Every structure is written in C-alpha cells, then in structure tokens.
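Descriptive analysis of the structure
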Amino acid sequence: MIHIADTIITHARVFTSDEANPYAEAVAIQGNRIVHVGTHEEAMHWRGASTKIIDGQGNTLMPGFIDSHFHLLAGCETLEAAQLQRVNNKEELKEILRKHADQNKASEWVLGVGIKYQIVSTRQELDEIISDRPVYIEAYDSHTGWANTRALERAGILYHAKPSGQNGIIVQDETGTATGELREADAIRPITNLIPAPNATRKRELLKLGIQRINAAGVTSIHNMNGNMEDLMIYAALEDTGEMSLRVYVPYSIRPETTEQMLAEAIEMAQVQGEYVRGGAVKFFMDGVWESHTALTLDPYADDPNAKPEGIYSAEHFTRMAIACDKLGLQIFVHCCGDGAVRRTLDGYEAIQKSNGRRDCRHRIEHIEVIHPNDLPRLKELGVIASMQPLHAPLSLEENDVWLTRTGHERWGRSFAWRDILDSGAILALGSDWTVASFNPMLGLHAALNRQKWMPDLPDQRLTLEEALIGYTRNAAYAEFQEDQKGQLKKGYLADLVLLSKDLFKTPSSEIQTVQPLMTMVNGKIVYEA
C-alpha cells in the first residue's frame with residue numbers, strides 16, 4: 001500500500017469512541033477508510049504532494065453522529081408543510097398557517113407539522129383561521145392531528161365515524177360529531193389518504209434537500225424507523241447515481257394486518273447491502289404515546305384513570321410474529337412508550353429465545369419512556385438494546401409538558417431512565433426521532449447533559465459527555481451490526497466523521513447546543529463545510 005493519505009486532519013481534540021485509544025490529535029484518510037489515528041507527527045508520515053491538510057485548531061474531531069431513530073423519507077416530505085414547532089399560541093398558529101396558505105394557493109390542502117399539544121383542540125378553532133380550504137395539522141410526535149370542518153367533511157368522518165382499525169380514536173362530542181382531534185394512525189389515515197403525495201421527482205428533490213441539512217448537522221448515518229422495498233429503492237437509486245451522502249438502515253414496517261407470508265418482502269430488503277443503503281430489520285409499534293393516552297401502561301394514567309389502551313398487538317400476536325421474524329434472521333425494532341409496552345415486548349423477546357434459541361440478534365426497544373424496575377435488568381439479560389432519544393424528555397418541570405401530567409409524579413423516577421439503563425449494563429443507543437424532535441445532535445447532547453430533576457428526590461438520569469457521545473457513535477453502530485465498520489475513528493474504519501466548532505470537552509454543558517459542525521465527511525468525501 002502507498003503510504004500517502006488523501007486527507008489529514010490534525011491539531012484536533014480527537015474523540016475516537018475507541019475504548020482502547022479514546023483520544024488522539026490527528027487522523028489520516030485514504031480513499032474511504034481511516035489509515036491512521038494518533039499524533040500530529042505520526043500522521044505527517046502519510047503526507048504527500050496531493051494530501052489535503054485540515055487544521056483542526058484544537059476543536060473536537062469525532063466519528064460522524066449515527067442517529068439511531070429517524071423517519072427520513074416521511075420527514076423530508078414534510079418540508080413542504082408549514083413548520084409549527086415554535087408555535088406557542090393560537091395567534092402565532094394563525095399567522096403561520098395563513099401565510100403558508102397564501103404562499104401555496106395552488107395547493108388545495110393547508111398542512112402543518114410539529115405543533116405542541118394544547119395549542120388547539122377543536123375543528124372550530126381551525127375554522128376560525130381557515131374555513132374555505134381543508135386544513136390538517138399534526139402534533140410534533142405524529143400521533144395526534146387536528147382537522148378543520150372542511151377536512152373532516154372531505155374525509156367523510158365528521159359524523160358518527162369509526163376509525164379504520166383498532167389503533168385510532170376519532171374524538172367526538174356527545175352528538176357523535178367529530179371535534180377535530182384524531183389520535184393515532186387509524187384515525188388519521190382517512191385524512192392523510194386524501195392529501196396528494198409529492199410526485200417521484202419532487203420526492204427525490206425533498207429527500208436530497210433533507211439529506212443536505214442532515215449532513216450539515218454532523219449526522220452521517222441513520223436507522224430509519226419505517227419503510228418497505230419501495231422506500232429502500234428510492235434511497236438505493238440515490239446511491240446508484242452517486243448522490244447519496246447518508247448511510248441508511250431501512251426496516252420493513254410490520255402492521256397488525258401483516259402476515260408471516262408478507263415477511264418475504266423483509267427478506268428481499270435484507271439482501272440489499274449497499275455501501276450506503278441496507279435492509280435487514282423489521283419495525284413494530286407496540287403502543288402509541290402518553291400524550292394521546294395511547295401508551296400501553298401497567299397502571300392507570302395519572303390524569304385519566306379511564307384511559308385503558310390495549311396496545312396495538314396482543315401478547316400472543318406480537319410473540320407469534322416476532323418469533324417468525326427472528327427465525328428469518330431479521331433484527332427487530334419495537335416502539336414502546338409505556339411500561340406495559342416495554343414489558344410485553346420483553347416477554348416476547350424472552351419467548352423468542354425459548355422458541356428459536358439464543359443468538360446475537362440485538363433486538364431493540366425504541367423510546368422506553370417509562371420502565372418498571374422489575375424489567376430493568378431484563379434488557380441486559382436478554383441482550384436487548386435500549387434505543388432512546390434525549391430530546392423526548394422534558395428538560396425541566398417549568399416546561400409544563402403534557403407528558404408530565406399524563407404520567408404523574410409516581411412514574412417520574414423511572415422515566416427516561418438513561419442512567420439506570422446504562423448502569424444496568426444494557427447497551428444504550430441514542431437518536432432524535434426526527435421529525436418528532438430536531439435531528440441536531442447538539443440539542444440531543446444538551447438534553448442528555450442538562451436535564452433537571454423534576455422533583456428533588458428523583459434519581460439523576462443525566463449522562464456524561466463521553467457516555468452520550470458513545471451513545472451516538474460506537475453504541476449506535478453496534479445497534480445495527482456495524483461496530484466493526486463505523487462509529488469509531490480507528491484504523492480500517494470508514495471515514496465518516498465530523499469536525500466541530502469547539503472542543504466539546506472544554507465547553508460548559510450549558511453551552512453544548514451552541515457548538516456547530518465545521519465539516520462533515522462521509523465515506524472519505526467532504527459533504528458539508530461551514
């Protein structure tokens with residue numbers, strides 16, 4: 001091998017995420033691989049006439065962020081909707097929706113995404129903003145939406161309507177008339193089925209735009225949380241044309257109506273193992289979310305004892321399908337917000353091992369917003385990966401988050417239990433759940449490091465900076481069977497990395513969110529420069 005690097009990044013505070021060699025000051029890259037990690041002097045041995053030298057200026061150089069929970073294509077398609085994440089009251093909502101409607105007069109529908117709960121609750125409130133066009137806005141978690149009267153009429157669900165499946169609630173008044181609030185996919189689908197999807201060309205444009213923004217945040221890989229062969233082929237087409245700059249792990253979405261025969265599509269997807277795009281997993285939803293009273297709980301909701309969701313899968317149904325997936329060698333992801341969902345899923349994973357035998361399957365639970373203490377040690381015992389999102393946790397009691405009201409203070413001590421889960425010996429992988437939360441990993445780090453205790457006697461669930469970084473790198477790579485390829489700056493590993501604007505280890509935790517990427521590299525190519 002010719003010892004000439006294409007790129008050398010030196011004079012940096014290198015966080016490698018490599019347990020055997022955690023820190024360095026220079027990295028040399030040849031092609032799409034790292035060929036050296038060490039001192040500046042050692043790296044200079046790889047210098048040639050054509051080598052590009054990048055001065056890290058003492059800033060942090062680290063593996064590219066791997067976001068362990070993402071909704072890529074669906075998220076990119078929302079970039080055309082009104083962005084409501086910062087709306088705090090009805091007046092702000094009115095201003096943004098009317099402006100968006102004026103700018104998109106050719107569109108029949110007025111759409112918005114990312115709104116907080118408790119801003120609006122009825123169709124009449126939306127009618128006061130816009131009544132002559134169908135309006136649909138969705139909560140930040142995508143589990144609840146609100147429609148105006150025109151939209152409900154168009155969907156045929158204004159009067160005495162029932163959701164298309166068990167996973168849905170069309171909220172109605174005493175006369176059977178829809179209030180405008182729709183909870184979960186089966187209730188929302190009659191609306192969204194009417195909204196024209198972007199054509200293939202526009203979908204590709206939005207996907208490329210989204211990937212550019214994701215790379216600019218320092219993210220180099222994602223684990224997608226929904227998909228099918230059609231979605232995978234959209235990503236693969238970008239790879240085929242050399243336009244892909246984000247590694248995407250795509251699961252097959254399993255729904256209650258999915259049969260074992262239909263898993264053939266998941267097996268077909270698993271055969272796709274490109275440099276950027278891969279299959280090999282399946283995704284279940286065990287429950288909904290606390291905010292809409294659809295999380296599966298062990299005990300009643302604090303604010304509504306009558307809310308008793310049954311979960312999307314019975315224990316028998318989930319276990320039967322999960323055993324079939326595992327037998328096919330597929331990795332399993334399961335959305336679980338409530339402690340009841342976590343337990344039902346762990347029971348299913350235990351049944352898998354009894355039925356199929358134990359193997360290195362790395363099945364996962366996504367979110368784990370609340371976990372019962374009895375289930376905590378089962379994560380390690382069963383080899384289950386905890387995939388969690390720091391930005392989901394209310395940062396402080398002052399946020400007055402509806403989540404806190406739904407769960408109640410008796411559950412707070414076992415909520416978003418990052419520290420407890422890590423200390424139990426389980427693998428903790430971190431992500432964003434974009435579009436539910438920002439894909440900016442600096443905001444995720446800020447939440448992981450700065451979350452306040454909601455009551456003085458609660459356990460401190462914060463992570464250290466190094467623990468959080470490992471959750472976004474080495475552990476995230478492990479969570480997709482790629483720990484020997486990425487997630488660390490290590491000789492022979494893929495050259496996926498990010499150079500930041502500051503030394504993270506000298507930056508006060510309260511200022512972590514101000515740090516920005518200066519450069520992102522994927523597969524040895526610079527895909528973003530500030």
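Located above this text is the structure these notes cover.
Residues numbered from 1 in each chain as written. Predicted model: local features only at pLDDT ≥ 70, side-chain atom pairs only at ≥ 80, totals over all residues. Heavy atoms only, no water.

1. As for empty space enclosed by the protein
The line we're drawing: Grid spacing is 1 Å over the protein atoms alone, the probe is 1.4 Å, and a cavity is where that probe fits but cannot get out, while a pocket is an open set with protein on both sides within 12 Å along at least five of seven lines and lining residues have an atom within 4 Å of a point. Grid points are joined across faces, edges and corners, and a volume is the space filled by probe spheres set on the points. Polarity classes work like this: nonpolar for Ala, Val, Leu, Ile, Met, Phe, Trp, Tyr, Cys and Pro, charged for Asp, Glu, Lys and Arg, and polar for all others, with Gly in that last group.
Enumeration over the complete set of coordinates arrives at 2 cavities of 30 Å³ or more. Each pocket or cavity is described by its volume, and for the largest cavity that value is around 80 Å³. Taken as a whole, the second largest cavity holds about 50 Å³ of empty space. What lines the second largest cavity is Asp67, Pro390, Leu391, Gly431, Ser432, Ser438, Phe439, Asn440, Pro441, Gly444 and Tyr472. Residue classes in the lining of the second largest cavity are distributed as 5 nonpolar, 5 polar and 1 charged.

2. Concerning the side chain of aspartate 287
Defined as follows: A run of DSSP states H or I qualifies as a helix once it reaches four residues; a run of E qualifies as a strand once it reaches two. Both are numbered from the N-terminal end. Buried, partly exposed and exposed residues are distinguished by accessible area as a fraction of the type maximum, computed with a 1.4 Å probe on protein chains only: under 20%, between the cut-offs, and over 50%, respectively. Counted charges follow a simple rule, with Lys and Arg positive, Asp and Glu negative, and His plus the chain ends left uncounted. Any carboxyl oxygen of Asp or Glu that lies within 4 Å of a side-chain nitrogen of Lys or Arg is treated as forming a salt bridge with it. The term polar contact refers here to a pair of N or O atoms within 3.5 Å; inside protein, the definition further demands a hydrogen-donor-capable atom paired with an acceptor-capable atom, and it admits residues adjacent in sequence only when both atoms are side-chain atoms.
Within the secondary structure, aspartate 287 sits in the loop between β17 (277–285) and α10 (315–327). Despite its burial, aspartate 287 pairs with no opposite charge; the closest candidate is arginine 344, at 9.1 Å N-O. A distance of 2.9 Å separates a polar side-chain atom of aspartate 287 from the backbone nitrogen of leucine 296. Engagement of the side chain of aspartate 287 in a polar contact is seen with the backbone nitrogen of glycine 338, the distance being 2.9 Å.

3. Some words on the sheet that holds strand β19 (residues 364–367)
Heads up, the rule is: For two strands to count as paired, DSSP must find a minimum of two bridges between them. For helices, the fitted line uses only the C-alpha atoms of the stretch in contact; every axis is such a line through C-alpha atoms, and the angle between N-to-C directions lies from 0 to 180 degrees. Pairs of residues are marked as contacts when any of their non-hydrogen atoms sit within 4.5 Å.
Taken in spatial order, the 8 strands of this open sheet run β8-β15-β16-β17-β18-β19-β20-β21, and their pairing is parallel. Single-partner strands in this sheet number two, and they are β8 (65–70) and β21 (428–430). Taken over all neighbouring pairs, the strand axes of this sheet differ in orientation by 25° on average, direction set aside. Note that strand β20 (residues 385–388) and β21 share 3 bridges and pair parallel. Within the sheet, the bridge partner assigned to methionine 388 lies in β21 and is leucine 430. Packed on one face of the sheet, helix α17 (residues 465–472) meets β8 and β21 and runs near 75° to β21.

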